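Chain by chain, the residues run as shown.
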Amino acid sequence: MDGITLSSGTRIPVLGLGVYQTPPGITERVVREAIEVGYRLIDTAQYYRNEAQVGRAVREALSQGMAREDLFLTTKIMASGHEESRRAIAESVAALDLGPIDLMLIHWPQEDGPGTWRALEEAVEAGRVRAIGLSNFYGQDLEEIIRGARIMPAVNQVESSVLYQQRRLMPALERHGIRLEAWGPLGQGRRGVLDDPVLARVARAHGATPAQVALAFQVRTGVITIPKTVSRDRMVENLGAADIGLSAAELEQLAALDTGRCIGWPGFPEQDYDPADHPFSPPA
Ligand code: NAD
């Protein structure tokens, strides 16, 4: 699996498995199978209530000879301010129970973002976390963190797919060496992404599926992507995207699919909303 070196110096696999809405009761099985079929990046969060189950599956893999440095674990806290965040960080480290966490994100903008960021920086300095980053940060929320940061965010995990390529956010991220990590890379299984005729045509040319081409587009354009599935067959299918080469012409056709409008953020009108227009604190 190809990797990307983050500003922290740590290397992250370019494609991993997300476990949002993976019920705790099956998370251990899902993560075990993901590691078996070749995933090396797992993305969880306190909000998903399955950190402990992710940790158990990873510890099982380690007990069977997998090296800890070959696996990359991301989690996210949603705490505001220094003290609350220190507690949240400690909770995640304890729940995963894997030693230092590879990447910890602020799940979405908080009232006291700088205080939360300071707690994350201290966690890096204390060796509890290897890299830190943001999720769902745009506009002023993003600027506020960047302005005060001693450690620059390594990633901003935001909704991104072939239909919503985050072109308005990208320049700010590139300026500060922040990598784009995509949630909702398959449009959360909703309408749109996987039904696109261009995607279907490129998929046919490669003997691939539309989902694979949607993910391959991200991999080939340097976007870290973490599609979710609980099905072993789809895990294999999605991971296979990392091996699909796309020609310059195909990349251009796929780039032209961008609508500039998000698909997956609950609570917002689906077609007309680009979070880049509204620095916002999304609903909990
Ligand atoms: P996704 O775009 O990965 O869609 C997942 C859904 O797509 C699955 O439930 C399934 O219905 C379908 N699917 C998966 N593989 C498929 C395939 N090969 N063919 C057809 N359909 C397929 O959406 P997501 O789960 O929201 O995002 C991925 C991950 O990103 C999450 O699991 C989570 O880790 C992370 N995430 C983060 C945030 C955030 O605020 N930071 C928000 C949402 C998700």
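Going by what an unreviewed UniProt entry lists, the protein chain is known as Aldo/keto reductase and is assigned to Actinomyces bowdenii. The Sequence similarities (unreviewed entry) comment attached to the protein chain in UniProt states, word for word, "Belongs to the aldo/keto reductase family."

Here the focus is helix H2 (residues 51-63). Each turn of an α-helix holds 3.6 residues, which means side chains three or four residues apart point in the same direction. Here H2 contains 13 residues, and its C-alpha end-to-end distance of 18 Å stays within 8% of the 18 Å for a straight helix at 1.5 Å per residue. Of all the positions in H2, only Glu51, Gln53, Val54, Gly55, Ala57, Val58 and Ala61 are classed as buried. Elements that come into contact with the buried residues of H2 comprise helix H1 (24-37), strand E4 (41-43), strand E5 (72-77) and helix H3 (82-96).

Residues in close proximity to the ligand total 26 residues, the closest being Asp43, Ser135, Asn136, Leu186 and Gln188. The contact in question runs from a nitrogen atom of the ligand to an N or O atom on the side chain of Tyr48, over 3.3 Å. One of the side-chain N or O atoms of Glu237 is found 3.0 Å from a nitrogen atom in the ligand. Protein contacts shield 88% of the accessible area of the ligand, which totals 820 Å² for the unbound molecule.

What follows covers the packing of aromatic side chains. Under the counting rule described, the total for this entry stands at 4 aromatic pairs. Aromatic pair Tyr20 and Tyr48: ring centres 5.0 Å apart, planes at 40°, arrangement tilted. With Tyr20 in the loop between strand E3 (17-18) and H1 and Tyr48 in the loop between E4 and H2, this residue pair connects regions lying 28 residues apart in the sequence. Judged by relative accessible area, which is 30%, Tyr20 ranks as partly exposed. What links up through ring pairs into an aromatic cluster is the set Tyr20, Tyr47, Tyr48 and Trp108.

A separate point is the UniProt feature "site: Lowers pKa of active site Tyr" (unreviewed entry) in the protein chain. Under the feature "site: Lowers pKa of active site Tyr" (unreviewed entry), the UniProt entry names Lys76. Relative to the assigned elements, Lys76 resides in strand E5. The residues touching Lys76, leaving out its near neighbours within four places in the chain, are Asp43, Thr44, Ala45, Gln46, Tyr48, Leu105, His107 and Gln157.

Here we come to the pairing of strand E8 (residues 155-159). Each regular strand carries side chains that alternate between the two faces of the sheet. Extensive coverage of E8 is indicated by the burial of 5 of its 5 residues. Where strand E7 (residues 129-135) and E8 come together, 2 bridges link them in parallel fashion. The residue bridging Leu134 from the neighbouring strand is Asn156, located in E8. In the classification by handedness, the crossover that spans E7, the intervening helix H5 (residues 139-148) and the parallel E8 is right-handed. Relative to strand E9 (residues 179-183), E8 runs parallel, the two sharing 5 bridges. The residue of E9 that forms the bridge with Asn156 is Leu180. One crossover worth recording links E8 to the parallel E9 by way of helix H6 (residues 170-175), and it is right-handed.

What counts, and where the lines are drawn
Residues numbered from 1 in each chain as written. Predicted model: local features only at pLDDT ≥ 70, side-chain atom pairs only at ≥ 80, totals over all residues. Heavy atoms only, no water. UniProt positions renumbered as here; feature names shortened; annotations may be inferred. Helix = DSSP H or I, 4+ residues; strand = E, 2+ residues; numbered from the N terminus. Expected span 1.5 Å × (residues − 1). Buried < 20%, exposed > 50% of the residue type's maximum accessible area, 1.4 Å probe, protein only. Contact = heavy atoms within 4.5 Å. Near = heavy atom within 4 Å. Polar contact = N/O pair within 3.5 Å; in protein donor to acceptor, adjacent residues only side chain to side chain. Areas by Shrake-Rupley, 256 points an atom, 1.4 Å probe, with all protein chains shown as cover. Phe/Tyr/Trp six-rings, centres within 6.5 Å; stacked < 30°, edge-to-face > 60°. Pairing = 2+ DSSP bridges. Right-handed = clockwise from strand over helix to strand, strands pointing away.

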